[in-house]
Amino acid sequence: MDVDTRLLRYFVAVAEEGTLTRAAERLFVSQPALTKQIKQLETQLGVRLFTRSRTGMTLTAPGRTLADRAPALLTDWAQVLRETKHTADRAARVLKVGFIASAANEATPRIIAEFTRRRPGWRVEMRQAAWSNPSAGLADGDVDVALLRLPFPGQDTVRTAVLLTEPRWVALPETHPLAARSVIPFRDLWDEPFVAAPPETGRWRDHWLATGERGGHPVRIGAVTDQPDDWLSAIANGYGIALAPASAARFYARPGITYRPVSGVTPSEVGVAWARAGDHDPVVQDFVHCCLDASEAEVP
């Protein structure tokens, strides 16, 4: 019997979340679509996996057996796929680099140019990730190395090196009362609604809301976005303001939005990150060294 691994992933999400609603949110699918997929899996297996009630989804005895085994099966299968793709990329001389927003800012082209000089015949494939994936695909093994903003969930399980540091500014509608100031104290922003990344981004979301630098003052969320364009639209339309790296004023300039320096908040760090296995991968290490060389060249 052949079972689609997608159906198993949906099953695991429902089993772990306990409700179709929460599982659908986690999977970014509609609840009716998720219900249909669970029923399809039950039909293929010829067993009932859940008992449905108003309070949620309870695993049956067969469901518990599958729930015990399916996560490891999916993990093993994902690892096989990653290794297969990695072998294919090496044969094709392709290095996959994930990145968030503006990557390493203006240093990015120099990093890539230096890597291709060191590795003639190799190509860097840049893959931009949504903010719901703050490791830029590194955690899932979809990329070999990543240029991203620190901190991010799972950072302690991989290798990282800081490339540059820049102040955090604030992006706000140009008609906002604070937009006329040259520098805005962060305390003056505490009561403003903020445009935030999705909750599942954890530490990364908290960093850009500066939750630890509010003296216990609660955060007001005006909108949640996952892409730079949606983020810009939410700010321009007055749904909230947002902390941003100073470089956003260059890379994400848009009519209707003003960027201003903020005092009283720590800076942002751009880093290069790679899996621990990459310590023994000469191609990955060449790219890392190119990143470090480029960051040293930025120092006056």
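This is a predicted model, so every value here is computed, not measured.

## Digging into the overall build of the protein
Turning to step 1, where the next piece is worked out: Summing up its helical and strand segments, the protein has nine helices and 13 strands in all.
Turning to step 2, where the next piece is worked out: In terms of principal-axis extent, the alpha carbons of the protein reach across some 65 × 50 × 30 Å.
Turning to step 3, where the next piece is worked out: Evaluated residue by residue, the protein yields a buried proportion of 45% over its 300 residues.
Turning to step 4, where the next piece is worked out: Summarising the internal contacts of the protein: among those between residues at least 6 apart in sequence, 73% fall at separations of at least 24.
Turning to step 5, where the next piece is worked out: Of the roughly 15200 Å² of accessible surface on the protein, a fraction of 53% belongs to carbon and sulfur atoms.
Turning to step 6, where the next piece is worked out: Positive and negative side-chain charges in the protein, numbering 35 and 35 respectively, have mean positions lying 4 Å apart.

## As for the packing of helix H1 (residues 5-17) against helix H3 (residues 31-45)
Turning to step 1, where the next piece is worked out: One can describe the packing of H1 onto H3 by two numbers: an axis separation of 9 Å at closest approach and a directional angle of 110°. With respect to their mutual orientation, H1 and H3 come out roughly perpendicular. Here H1 and H3 pass one another in a crossing that is left-handed. Along its contact with H1, which presents Arg6, Leu7, Tyr10, Phe11 and Val14, the element H3 presents Leu34, Gln37, Ile38, Gln40, Leu41 and Gln44.

## Notes on the side chain of aspartate 286
Turning to step 1, where the next piece is worked out: Its location among the elements puts aspartate 286 in helix H9 (residues 282-298).
Turning to step 2, where the next piece is worked out: Side chain to side chain, aspartate 286 and arginine 119 meet in a polar contact 2.7 Å long.
Turning to step 3, where the next piece is worked out: Excluding anything up to four places from it in sequence, aspartate 286 contacts Phe115, Arg118 and Arg119.

## Section: the pairing of strand S1 (residues 50-53)
Turning to step 1, where the next piece is worked out: Of the pairings in the sheet, the one linking S1 to strand S2 (residues 56-59) comprises four bridges and is antiparallel in character. Bridge assignment links threonine 51 to a residue of S2, and that residue is threonine 58.
Turning to step 2, where the next piece is worked out: Following S1, the chain reverses through two residues before pairing antiparallel with S2.

## Comments concerning the sheet that holds strand S7 (residues 168-173)
Turning to step 1, where the next piece is worked out: With mixed pairing, four strands are arranged side by side in an open sheet as S8-S12-S7-S11. Of all the strands in the sheet, just strand S8 (184-185) and strand S11 (242-245) have a single pairing partner and so form its edges.
Turning to step 2, where the next piece is worked out: Two strands pair when backbone bridges link them, and S7 and strand S12 (residues 257-263) are joined in this way by five bridges, in the antiparallel orientation. By the bridge assignment, alanine 171 is partnered in S12 with tyrosine 259.
Turning to step 3, where the next piece is worked out: Packed onto the sheet, helix H7 (residues 228-236) meets S7, S11 and S12 and runs at close to 90° relative to S12.

## Focus on the sheet that holds strand S4 (residues 123-128)
Turning to step 1, where the next piece is worked out: Pairing in this open sheet of five strands is mixed, and the strands run S4-S3-S5-S13-S6 from one edge to the other. Each end of this open sheet is capped by a strand with a single partner; those strands are S4 and strand S6 (159-166). Across the sheet, the mean angle from the axis of one strand to that of its neighbour is 25°, orientation sign disregarded.
Turning to step 2, where the next piece is worked out: Alignment of S6 against strand S13 (residues 268-274), held across seven bridges, turns out to be antiparallel. Along S13, the bridge assignment pairs valine 162 with glycine 271.
Turning to step 3, where the next piece is worked out: The strands touched by helix H5 (residues 107-118) within the sheet are strand S3 (94-99), S4 and strand S5 (145-150), with S4 carrying the most contacts at an inclination of about 150°.

## Here's the deal with the packing of aromatic side chains
Turning to step 1, where the next piece is worked out: Counting across every chain of the model gives six aromatic pairs.
Turning to step 2, where the next piece is worked out: Each ring, one from phenylalanine 186 and one from tryptophan 190, has its centre 6.4 Å from the other, and the planes form 80°; the classification is edge-to-face.
Turning to step 3, where the next piece is worked out: One aromatic cluster is present, built from ring pairs that chain together Trp131, Trp204, Trp208 and Trp231.
Turning to step 4, where the next piece is worked out: Looking at arginine 168, its charged tip hangs above the ring of tryptophan 208, at a distance of 5.8 Å from the centre.
Turning to step 5, where the next piece is worked out: The ring of phenylalanine 194 carries the charged tip of arginine 214 above its face, separated from the ring centre by 4.6 Å.

## Describing the pattern of salt bridges
Turning to step 1, where the next piece is worked out: Throughout the structure, instances matching the rule amount to 14 salt bridges.
Turning to step 2, where the next piece is worked out: As a salt-bridge pair, aspartate 4 and arginine 6 come within 3.5 Å of each other at their nearest N and O atoms.
Turning to step 3, where the next piece is worked out: Taking the shortest distance from any N to any O, the salt bridge between arginine 181 and aspartate 188 comes out at 2.5 Å.
Turning to step 4, where the next piece is worked out: Judged by relative accessible area, arginine 181 falls into the partly exposed class, the value being 36%.

## A look at the packing of H1 against helix H2 (residues 20-27)
Turning to step 1, where the next piece is worked out: One way to put it is that H1 packs onto H2 with a least axis distance of 8 Å and a crossing angle of 130°. Relative to H2, the element H1 is oriented oblique. Read as a crossing pair, H1 and H2 show a hand that is right-handed. Between H1 and H2, the contacting residues are Tyr10, Ala13, Val14, Glu16 and Glu17 on the first element and Leu20, Arg22, Ala23, Arg26 and Leu27 on the second.
Turning to step 2, where the next piece is worked out: A per-class count over the contact of H1 with H2 returns six nonpolar, no polar and four charged.

What counts and what doesn't
Residues numbered from 1 in each chain as written. Predicted model: local features only at pLDDT ≥ 70, side-chain atom pairs only at ≥ 80, totals over all residues. Heavy atoms only, no water. Helix = DSSP H or I, 4+ residues; strand = E, 2+ residues; numbered from the N terminus. Buried < 20%, exposed > 50% of the residue type's maximum accessible area, 1.4 Å probe, protein only. Contact = heavy atoms within 4.5 Å. Areas by Shrake-Rupley, 256 points an atom, 1.4 Å probe, with all protein chains shown as cover. Lys, Arg positive; Asp, Glu negative; His and termini not counted. Charge placed at Lys NZ, Arg CZ, Asp CG, Glu CD. Axes fitted to C-alpha atoms, helices over the stretch in contact; angles between N-to-C directions. Parallel < 35°, antiparallel > 145°, perpendicular 65-115°, else oblique. Left-handed = near helix turned anticlockwise from the far one by under 90°. Polar contact = N/O pair within 3.5 Å; in protein donor to acceptor, adjacent residues only side chain to side chain. Pairing = 2+ DSSP bridges. Phe/Tyr/Trp six-rings, centres within 6.5 Å; stacked < 30°, edge-to-face > 60°. Lys NZ or Arg CZ within 6 Å of the ring centre and 35° of its normal. Salt bridge = Lys/Arg side-chain N within 4 Å of Asp/Glu carboxyl O. Nonpolar A, V, L, I, M, F, W, Y, C, P; charged D, E, K, R; others polar.

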